[in-house]
Each structure stands twice: as structure tokens, then as C-alpha cells.
Amino acid sequence: MGGGAVSVFYEQMPQMLPKGTIVSVGEGETLLEKLLRREDFSQERCYVVGEAPPRDRLIHEWPTPIEKTACDYDYIEAIWPELTYYLQDPDFYIGVQTKRGCPHNCCYCVYTVVEGKQVRVNPADEVVEEMRRLYDRGVRKFWFTDAQFIPARRYMEDAKELLQKILYSGMTDINWAAYIRADNLTPELCELMVKTGMNYFEIGITSGSQELVRKMRMGYNLKTVLQNCRDLKAAGFNDFVSVNYSFNVIDERDETIRQTIAYQRELEAIFGADKVEPAIFFIGLQPHTHLEAYAFEQKILDRNYNPLAIYLPWVATKLLWNPGKLGEFFGNVCLEAMKDSPEGFGQKVMNILEQRLGRAPLAEALTAPLEADVTQQKPDEQRFVPTANIS
Ligand code: B12
Ligand code: SF4
């Protein structure tokens, strides 16, 4: 067994699976190959239920370096005819991976552990070939499944190379979408993105408050994100953007919510109010993250907790990082929005929040106090400190 969820919860798997099951953590290509060749796989990121417990810190082991080639969909169909069922609906975005890993440190994120912090870029020709094989099967919409499409500045050239190759491939009637941090864009990249058919992207800024973005160790500047969004618009981007916000960040309070509203309104001014969909998430505490380590240190969570025991209210309320009174306030706001506008839920949440709390000046959202991130502080130190402009 393997895959994203199995990898995140690999320590809980032995109690749930029959003896002899091989549990794969992270990428599975080399393990599967060794299994098929009947070779020794004991050095792979995996363990066998009932034989020995998983190695200590198994998930932190580095993935085996491999060069990813294009998926052979003809072969896949030969052994799994149902494949075509998944390619029928023209509205579906089919996943294509262009790289693995993310070098960032966002405190709640588990991608950096499962995929690793070392970014491995798949050869652009292989990615284009994989898209071509899907294209020939009628697929016109692609989702780049990367943790981040452009994880850092040094991968901008790779993104450019890939997009140029897509352009030269002649697949001119396609659309693609991805998670984009939007802090590593240039006007040239923006133009390439639009020309190659990007018609949707998600920015996971989590908060429109630079102070909280810094405290979550997300490592980017909200002002740069805004500027890059303006460049995208100028390059002709006229489609949808989903902006992920989580209002249960540690240290969230009225003034940071007001700042997030100011940020959202600025994005709407850039792209058009009907084009920016605020996606309201709530940060869930995931195993192997900085946030989990923080919860252990602060004795909020017991080190032996079971992350899958979400049916136990005393576990669930800790995992859904629920900031007391603020949680209650948000519960009510979300219920009202859901009742009123189930279709435009995110937008409605923003409107109610603005009605109740108001909106900060944009400049305030873009400033942040010069202090350590919140997961380095004791709970009694988590309070508002004077701001300093970080630009
Ligand atoms: C891209 C992505 C999406 C895209 C999918 C787009 C598309 N059309 O494909 C979108 C944005 C739609 C999406 C949505 C959601 N996603 Co998502 N997504 C991902 C992401 C980033 C990559 C998945 C992927 O395709 N990778 C590329 C393939 C090649 O890699 P892979 O699947 O990991 O497979 C490799 C290994 O895992 C292994 N492997 C896989 N299977 C097997 C099987 C065996 C036998 C073996 C040996 C090995 C093995 O080998 C493969 C090759 O190395 C992962 C996080 C991540 N970085 O892994 C989250 C992730 C899968 N998503 C997650 C979640 C929660 C969701 C949502 C529920 C979010 C939400 N609240 O709406 C929705 C659900 C959507 C749905 N209907 O199922 C979670 C799942 C957590 C869990 N506990 O199950 C993940 C793990 C992220 C996380 N930790 O939070 N997602
Ligand atoms: S940039 Fe995205 S994928 Fe990378 S650590 Fe942060 S949240 Fe995770």
C-alpha cells in the first residue's frame, strides 16, 4: 500500500492492515520495481506489517533519486482498461507531475516531509511527452500536481523551459492549473503562463496579514505576491484564482482578520471581484510538521496521540487548531454564510467578516513585526507587538 495518505499516517498503519502488507512511504517507483524483480527492498522507504516496526524517522529518509519519464498510458490501459473512464469528462483536469519536493518551511505543511525538501525537476521533454500522450487521448486540461509549480527563484528557469516547450509542442488548445506561490514570477513567466493556457491557479497564502505569514514561516512577501498578480493580469490572465485562507492561524485576532480582508479586496481590484474565489480552509494539524512539534512542546498534544482518532472530540478539537473564542465566532460566521449563500460561500464569509470587523488599510496588512515565528514562542509570548515595515 502507498500514496499520500498512507505516507502521512504510516505509523498508524500496522494496527489497520493484515500481516505481510508492504507499506510504502513517499514515492513508490523503486520499491515496485524491486518487488517485480524480486530483489531485496529492505533499504527502500517501506516496512512490512508484522515483520518489524517501521524504522525510526522513516518518513524523514531521503527518497531514492530517480529520473522520472513520461507515463506510458498505452501500457496502463492494457493492464487497466478502466483508465478511459477517467479521461471521458472534458471538464476534468488530469494530473501531470513536473517536479517533486518543496524547500520551504511552512509550519503546518507535510509535503516537505513526504516529498522531501530537495526539489527534483522532471525533464521538461518527458513532461511534455506525457501531456502529449494524454492530449492524443482527448485530454485538454492538465493539473500540475507539484507541491508548488515554482517552489523558489532558482526553479524559475525550469518553469520557463517547460512552458516554452509546451508552447513549441503545438498543443495550443489546452488549459492547465497548479498551486502557485506567486512570489517567484517575472513578467516574462506571466506571459508564458497565459500563452500556454493557465486558466486557474491556487495561491495558498493562508493569511493576508504579513505578520501571520511570517509567523507561520511561510517565507514570502505579500507585497511581491500582489505585484506579480498585477503582472499576470497585465499579461492577459483573465480567469479564476482561488486564494486559500485559514482563519485559525495561531495568533489570529481581529486586526489580522481586518488585514486579510484588505488583502482580499486588493486581489479583487486586480483580477475582478468575480474572478477571485476565497477558499476558506482551517489549518488541520498534520503529523511530522513543525506545528505538531510545537503542540508537543507546549503540551497541547500528548506525544502518543493517535492522529487518526478524529472521532474523539478531545483529539479532534486539538487537530483542528481551534483558537477558543475565535473558533466559536468563526463557526457562527461560516454557518450564516453556508445558510445564506452555499454557492458563494467564501465570498460571503469575507463580506460578513468585513461587516462585523471592518477592513484595515492595505499598508497595515503588508507590514510585519520583526520577531521570531510563533512556533518558537511560549504561549504567553504570543501577543501583539509593534509592527515594522519589512519591505
Ligand atoms: C495535486 C493534489 C491535488 C489536486 C489533484 C488534481 C488532479 N487532477 O490530479 C487537487 C487540488 C484537486 C486536490 C484536491 C484535494 N486534495 Co490533494 N493533493 C495533491 C497533491 C499535492 C499531489 C498528489 C499527486 O497527484 N501527486 C503526484 C503522484 C505521482 O504522486 P502520488 O500520488 O503521491 O504517488 C506517489 C507515491 O505516493 C507512491 N504511491 C502512490 N500510490 C501508491 C500505491 C502503491 C501500492 C505504492 C507502492 C506506492 C504508491 O508512488 C507514487 C509515485 O512516486 C497531494 C500532496 C502531495 N504532494 O503528495 C495532495 C493530497 C493528496 N491532497 C489531500 C487533500 C486533503 C485533498 C482535498 C481533500 C483537499 C480539500 N479539503 O478539498 C481534495 C480532495 C480532492 C478529491 N476529490 O479527492 C491530502 C490527502 C490527505 C489524506 N489524509 O488523505 C494530500 C496528501 C495533501 C495533504 N497532506 O494535505 N489535491
Ligand atoms: S510552499 Fe506550499 S508545499 Fe511548500 S512548505 Fe509551504 S505550504 Fe508546503
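As the structure is a computational prediction, the values presented were derived from the model and not from experiment.

Moving on, we get to the overall build of the protein. A count of helices and strands for the protein gives 16 helices and 10 strands. Rg of the C-alpha trace for the protein: 22 Å, near the compact-globule value of 21 Å for 391 residues, within the 12% margin. Structurally, the protein occupies a C-alpha span of about 60 × 55 × 40 Å along its principal axes. Split into buried and exposed, the 391 residues of the protein put 35% on the buried side. Sequence separation of at least 24 residues holds for 72% of the intrachain contacts in the protein that already meet a minimum separation of 6.

Every one of the 24 residues lining ligand 1 counts as a neighbour, but Gly2, Gly4, Glu27, Gly28 and Gly95 are closest to it. Broken down by secondary-structure element, the contributors of at least two residues to the shell around ligand 1 are α1 (4-8), α2 (29-36) and α5 (111-114). Looking at the shell around ligand 1 element by element, the count peaks at four residues for α1. Residue composition of the shell around ligand 1, grouped by class: 11 nonpolar, 10 polar and three charged. Three or more residues apiece are contributed to the shell around ligand 1 by two domains, here domain 1 (4-60) and domain 2 (73-289 + 325-381).

The subject of this paragraph is helix α10 (residues 222-234). Along its 13 residues, α10 runs 19 Å from first to last C-alpha, staying within 8% of the 18 Å computed at 1.5 Å per residue. Turning to α10, its buried residues are Leu222, Val225, Leu226, Asn228, Cys229, Asp231 and Leu232.

Along its sequence, the protein is organised into domain 1 (4-60) and domain 2 (73-289 + 325-381). Centre-to-centre, using C-alpha coordinates, domain 1 lies 31 Å away from domain 2. Between domain 1 and domain 2, the residue contacts involve seven residues of the former and seven residues of the latter.

On to unusual backbone geometry. Unlike most non-glycine residues, arginine 57 shows phi in positive territory, near 55°. With respect to the helices, strands and loops of the structure, arginine 57 is situated in the loop between β2 (46-48) and α3 (73-79). Notably, aspartate 251 is not glycine yet its phi reads approximately 80°, a positive angle. Along the chain, the position of aspartate 251 falls in the loop between β9 (240-246) and α11 (254-271).

Let us look at the site of ligand 2. In the vicinity of ligand 2, the contacting residues are Cys102, His104, Cys106, Cys109, Tyr111, Thr112, Ala147, Gln148, Arg181, Gly204 and Met218. Residue classes in the shell around ligand 2 are distributed as six nonpolar, four polar and one charged.

One way to put it is that α10 packs onto α11 with a least axis distance of 9 Å and a crossing angle of 15°. It follows from the interaxial angle that α10 and α11 lie roughly parallel. Crossing of α10 against α11: the hand is right-handed. In contact with Leu222, Leu226, Cys229, Arg230 and Lys233 of α10, α11 contributes Tyr263, Glu266, Leu267, Ile270 and Phe271.

Quick notes on the rules
Residues numbered from 1 in each chain as written. Chains lettered and ligands numbered in written order. Predicted model: local features only at pLDDT ≥ 70, side-chain atom pairs only at ≥ 80, totals over all residues. Helix = DSSP H or I, 4+ residues; strand = E, 2+ residues; numbered from the N terminus. Rg over C-alpha atoms; globule rule 2.2 N^0.38 Å. Buried ≥ 20, exposed ≤ 12 C-beta atoms within 10 Å, placed from the backbone. Contact = placed C-beta atoms within 7 Å. Near = placed C-beta within 6 Å. Nonpolar A, V, L, I, M, F, W, Y, C, P; charged D, E, K, R; others polar. Domains from an automatic or database assignment. Expected span 1.5 Å × (residues − 1). Axes fitted to C-alpha atoms, helices over the stretch in contact; angles between N-to-C directions. Parallel < 35°, antiparallel > 145°, perpendicular 65-115°, else oblique. Left-handed = near helix turned anticlockwise from the far one by under 90°.

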